Each structure stands twice: as C-alpha cells, then as structure tokens.
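Examining the three-dimensional arrangement
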Amino acid sequence: MARLDVLVSSHHSPDEALDVLRLPRAAAPKATSLQVSTPAHVVLVDHLSEHATCALLRHGARGILLRGNSVRHLPWAVRAAAAGTVALGPVAAQFLVDQYVRPGRTADAVATARRMLERLSSREREIVQLLADGASNPAMAETLGISAHTVKDHIRGAYSKLGVDNRVQASRIVWQAQVPTQPTSPQSRGSVACGGPHVP
C-alpha cells in the first residue's frame, strides 16, 4: 500500500488552514490496531501575519506558502517537508528571522520605521500594510476596490519613498514600525512567539 508522505492543502485564510490542521486530532479514533504515519502538512494561504505563521507552526504545519507564488516554491517545499524539514516561503521565513535572529529591535529603529511610513500617502500606507500581511496584488485590488494596475502604481510609489526594491524590504519596515517602542524579549511576547515542540 502506498504511503502518503506529504499533504498539501489550499486555503483562503490562515484560520481556515488552522481548522484543517486541528481536524485530524479531533477526528482521530481513540484506539486503532493500525500504525498509520501522519503525513507532513504543507498549507497554502492567501495572506499571512506573524501571529498566523506562529499559530500554523504550533499546530503542526510543516510548510507554509502564499498561494500567489506557490507554483514557484511548492516543488522544493514538498521535498523539504517529506525530508522532515520545515519549509517556509519568503514571507513566513522573514517573520521568524525578524523574531528570533534579530529580536532586539531598538526604540530608535522603530521610530525610524514609523517616520519612513509617514512619507507615504494614506493609500500607499494601506497598500504596504496589505503587502506586509502577504496579500497578492489581485487580493489588494479587490480589498481596496481599485484596479491591479493602480495597485502596481501605488507599490512603485511606496518603494520609491521608502527606498526599497522589493516586498520583503517594504514589509520589514511595516513590521518594525508596529513593534512596541520598548525592546522586548521573545519570552515577553508569548502571545506571538512561536516557541514549542513543532518549531525545530
């Protein structure tokens, strides 16, 4: 009998993905005579936040990708998940890098990020916030009721004012501007921190 090593599921939202991740345990029989291995679960979602990324990992996701660019990343993510590694797309990975590799973001850095965002128009701030949440251009256009072409124009304008070249750099400024002005340790941010046995 063939063994299922990796399960890939596609969802509109992280909450929908969490419901699916919780399902096997809730629906599992109390006892069984068969030893069935649980496949590594890779989830695809339309958007992400730091909290959602951590919640998905805590509930057993072995891979997290945005649906908008999943075609490019899914082949290596499936191979990595099958090999027992956590496979994170660029946006999800950046959340963890910011939280664990550079946790000591200072009040000065936060203030600088906030000043940079003040250069943007109100529409550009909406755009970069959605961008930081992992929304695709079509999703942003639908949310804001504007055309995809207009979204691209606003993104280019925001990049120019922020002095960045890509989504990750722009998102990092948004994430940094949203942290508390007093430095905090990962332990003091327990409601967001991803700590736990599911994270290698």
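We now turn to the structure provided with this report. (Residues numbered from 1 in each chain as written. Predicted model: local features only at pLDDT ≥ 70, side-chain atom pairs only at ≥ 80, totals over all residues. Heavy atoms only, no water.)

We now examine the packing of helix α6 (residues 122-132) against helix α8 (residues 148-162). One can describe the packing of α6 onto α8 by two numbers: an axis separation of 9 Å at closest approach and a directional angle of 95°. Here α6 lies roughly perpendicular to α8, going by the angle between them. Here Arg123, Glu124, Ile127, Val128 and Leu131 of α6 come into contact with α8, specifically with Val151, His154, Ile155, Gly157, Ala158, Tyr159, Lys161 and Leu162. (Axes fitted to C-alpha atoms, helices over the stretch in contact; angles between N-to-C directions. Helix = DSSP H or I, 4+ residues; strand = E, 2+ residues; numbered from the N terminus. Parallel < 35°, antiparallel > 145°, perpendicular 65-115°, else oblique. Contact = heavy atoms within 4.5 Å.)

A separate point is the pairing of strand β3 (residues 61-66). A large share of β3 lies buried, amounting to 5 of its 6 residues. Of the pairings in the sheet, the one linking strand β2 (residues 40-45) to β3 comprises 5 bridges and is parallel in character. Looking across to β3, one finds that valine 43 is bridged to isoleucine 64. Viewed along the sheet, the connection from β2 through helix α2 (residues 50-58) into β3 turns out right-handed. (Buried < 20%, exposed > 50% of the residue type's maximum accessible area, 1.4 Å probe, protein only. Pairing = 2+ DSSP bridges. Right-handed = clockwise from strand over helix to strand, strands pointing away.)

Bringing the nonpolar core into the picture now. In this structure, Leu48, Leu56, Ile64, Leu117, Met140 and Leu162 are the most contacted members of the largest nonpolar core, which totals 43 residues. Once residues within four sequence positions are removed from consideration, leucine 117 is found in contact with Arg125, Val128, Leu162, Ile173, Val174 and Ala177. (Core = buried A, V, L, I, M, F, W, Y, C linked by side-chain atoms within 4.5 Å.)

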